[in-house]
Amino acid sequence: MLLPTVEHKLYCWAWNRIYIKANGRVPCWCDSGETHTIIHNNFLQNDFVTDIVNSPEMRKMRLDILESSQRYIQECANCCCLLTAGERKFKRYHDSEQADNVQQQASAAYRSLKKISVTRDWPLGSIEKISEIQLEPSFPCNLRCPGCIHGIHKSPLSTEEPPYLFPIEWFKHMLDCTKAHNVEIKRIQYCGKGEPTLNKALPDMIKYAHDNNIGQSIDTNSNQEFNDTYLLLDKINCSIDGSSKEAYGTYRRKGNWNKAIDFMGTAAKHKRQTGSKCIIRWKYILFDTTESIEQLNTAQKMACELGIDELDFVITACGAFDSSVLPPRYMNSIKAVQQYIADNPIFHKTMVSRS
């Protein structure tokens, strides 16, 4: 007798990923579900694989969506991770294409879960390959961007429990546990609500993950001193919005324009000197204060001069909470930015993406 086929109308692309805050709290990814804690265990007292990655609650999250085709929590309705058949892929953008292949992607993910439960004899909902760990090395930040908690809250550290810097002991324990269980980590992305490079243990984390053949990348505001260990990463995303000090300062408040550009230039220079394969990417978020053609042309010229690898103009639907900085008015669609790039081909690797 054939079992009825599940009609998958929902697919969460974070089903085999995990987001870890600096204090060890594991939220439901870093979008609408960040306030929802899936699990908050002491890393050294628990097995990272059985007690966190494949904990009962993590398995429930996967099965709610992939088996029952229902939302895990109410925040799923507004989350960028959840795709719904027949709806826009990127809910916040009017020009977004429809989510396609939802049924196929969800079915493939669910088949993977069922296979693991048989071959590994693990509870259904467990995973053996982690597509990405988004790790927040530091919750504190040295900037006060008006669209971020550090720019709007009088005491941002009071919103999370300590520790505020992810300990190197936790990091090594995390990787050692996955190795012991023969669980693969495809890559680690260092980013979160704080500035990753403020954690002095970050270079040691990068080295340890590199020695374990794990892909790595980082998002940084580029306001710290460059460390050559960063060249062990696969990609460095330098978040610098604007191609002038004045434009940059509208959003990256308390940031130092000269330091940021020097960081990016030093990264590109040291990459050439060492033969590193690390991609140096300028992550340029488009706001109404940074979207002018003059600003974008200057950014392309600077990218040529600095010798970086990629310049990514990032469309956002967000701005400052006090409306002092708004989303882009003109460069607000993929088509508009692609047309600009076609009309102004200055830097060979200029691209566009959404945040």
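These numbers come from a predicted model, not from an experiment. (Residues numbered from 1 in each chain as written. Predicted model: local features only at pLDDT ≥ 70, side-chain atom pairs only at ≥ 80, totals over all residues. Heavy atoms only, no water.)

Caption draft 1: Structural view of the overall build of the chain. Within the chain, the regular secondary structure consists of 10 helices and 14 strands. For the chain, the C-alpha radius of gyration of 21 Å lies close to 20 Å, the compact-globule estimate for 355 residues. Referenced to the eigenvectors of the C-alpha coordinate spread, the extents of the chain come out at roughly 65 × 45 × 45 Å. Residues classed as buried in the chain amount to 53% of the 355 residues present. Long-range pairs, those at least 24 residues apart, make up 69% of the contacts in the chain between residues at least 6 apart in sequence. Carbon and sulfur atoms make up 49% of the accessible area of the chain, which amounts to about 16600 Å² in all. In the chain, which carries 43 positive and 41 negative side-chain charges, the distance between the mean positions of the two groups comes to 1 Å. (Helix = DSSP H or I, 4+ residues; strand = E, 2+ residues; numbered from the N terminus. Rg over C-alpha atoms; globule rule 2.2 N^0.38 Å. Buried < 20%, exposed > 50% of the residue type's maximum accessible area, 1.4 Å probe, protein only. Contact = heavy atoms within 4.5 Å. Areas by Shrake-Rupley, 256 points an atom, 1.4 Å probe, with all protein chains shown as cover. Lys, Arg positive; Asp, Glu negative; His and termini not counted. Charge placed at Lys NZ, Arg CZ, Asp CG, Glu CD.)

Caption draft 2: Molecular detail of the packing of aromatic side chains. The tally for this structure, following the rule as stated, stands at 16 aromatic pairs. Relative to Trp-257, the ring of Tyr-248 lies with its centre 5.8 Å away and its plane at 55°, an arrangement referred to as tilted. We note that Tyr-248, like Trp-257, is buried. Following the ring pairs from residue to residue traces out a cluster consisting of Phe-43, Phe-48, Phe-166 and Trp-170. (Phe/Tyr/Trp six-rings, centres within 6.5 Å; stacked < 30°, edge-to-face > 60°.)

Caption draft 3: Quick look at the side chain of Arg-59. Tracing the sequence through the fold places Arg-59 in helix α2 (residues 56-66). Despite its burial, Arg-59 pairs with no opposite charge; the closest candidate is Asp-51, at 8.9 Å N-O. Separated by 3.1 Å, the side chain of Arg-59 and the backbone oxygen of Asn-54 make a polar contact. With residues up to four places along the chain from it excluded, the contact list for Arg-59 reads Asn-54, Pro-123, Leu-124, Gly-125 and Ser-126. (Salt bridge = Lys/Arg side-chain N within 4 Å of Asp/Glu carboxyl O. Polar contact = N/O pair within 3.5 Å; in protein donor to acceptor, adjacent residues only side chain to side chain.)

Caption draft 4: Quick look at helix α3 (residues 102-119). Helix length check: α3, at 18 residues, gives a terminal C-alpha distance of 26 Å against a target of 26 Å (1.5 Å per residue), a fit within 8%. For α3, the full list of buried residues reads Val-102, Ala-106, Ser-107, Ala-109, Tyr-110, Leu-113, Ile-116 and Ser-117. (Expected span 1.5 Å × (residues − 1).)

Caption draft 5: Representation of unusual backbone geometry. The step from Pro-162 to Pro-163 runs through a cis peptide bond, and the omega angle for that step is 5°. Mapped onto the elements of the fold, Pro-163 is located in the loop between α4 (149-152) and α5 (168-180). In this structure, Ser-69 takes a positive phi of about 55° despite not being glycine. Residue placement: Ser-69 occurs in the loop between α2 and β5 (82-84). Looking at Ser-69, the relative accessible area reads 18%, which means it is buried. Despite not being glycine, Asn-101 has its phi angle at roughly 60°, a positive value. With respect to the helices and strands, Asn-101 occurs in the loop between β5 and α3.

Caption draft 6: Spotlight on the packing of α2 against α3. Taken N-terminus to C-terminus, the directions of α2 and α3 make an angle of 135°; their axes are 10 Å apart at the nearest point. Viewed along their axes, α2 and α3 adopt a mutual orientation that is oblique. The hand of the α2/α3 crossing is left-handed. Each of Arg-62, Leu-63 and Leu-66 in α2 lies in contact with α3, whose residues at this interface are Ala-106, Ala-109, Tyr-110 and Leu-113. In terms of residue class, the contact of α2 with α3 is made up of six nonpolar, no polar and one charged. (Axes fitted to C-alpha atoms, helices over the stretch in contact; angles between N-to-C directions. Parallel < 35°, antiparallel > 145°, perpendicular 65-115°, else oblique. Left-handed = near helix turned anticlockwise from the far one by under 90°. Nonpolar A, V, L, I, M, F, W, Y, C, P; charged D, E, K, R; others polar.)

Caption draft 7: Broad picture of the environment of Ala-299. Its location among the elements puts Ala-299 in helix α9 (residues 293-306). On the basis of relative accessible area, Ala-299 is assigned to the buried category, the value being 0%. Expressed as a C-alpha distance, the spacing of Ala-299 and Thr-350, which sit 51 residues apart in the sequence, is 9.9 Å. Other than its neighbours up to four places away in sequence, Ala-299 contacts Ser-243, Trp-282, Tyr-284, Leu-311 and Phe-313.

Caption draft 8: Up close: the environment of Asp-312. The topology assignment puts Asp-312 in strand β13 (residues 310-315). For Asp-312 and Leu-286, which are 26 residues apart along the polypeptide, the C-alpha to C-alpha distance reads 9.9 Å. Not counting residues up to four positions away in its chain, the partners in contact with Asp-312 are Arg-281, Trp-282, Lys-283, Tyr-284, Met-351, Val-352 and Ser-353. Engagement of the side chain of Asp-312 in a polar contact is seen with the side chain of Ser-353, the distance being 2.8 Å.

Caption draft 9: Inspection of the sheet that holds strand β12 (residues 279-286) at higher detail. Spatial strand order, β2-β7-β9-β10-β11-β12-β13-β14: eight strands in an open sheet with parallel pairing. Each having just a single partner strand, β2 (17-20) and β14 (350-354) make up the two edges of the open sheet. Going across the sheet, the axis of each strand differs from the next one's by a mean of 20°, ignoring polarity. As paired strands, β12 and β13 are joined by six bridges and run parallel to one another. (Pairing = 2+ DSSP bridges.)

Caption draft 10: Broad picture of the state of the cysteines. Counted by the stated rule, this structure contains zero disulfides. Cysteine Cys-238 is unpaired, with the sulfur of Cys-278 as its nearest cysteine sulfur at 8.8 Å. (Disulfide = S-S within 2.5 Å.)

Caption draft 11: Highlighting the side chain of Glu-132. Structurally, Glu-132 can be placed in strand β7 (residues 132-135). Reaching out from Glu-132, the side chain makes a polar contact with the side chain of Arg-187 at a distance of 2.4 Å. When sequence neighbours within four positions are dropped, the list of residues in contact with Glu-132 reads Asn-16, Arg-17, Ile-18, Trp-29, Arg-187 and Gln-189.

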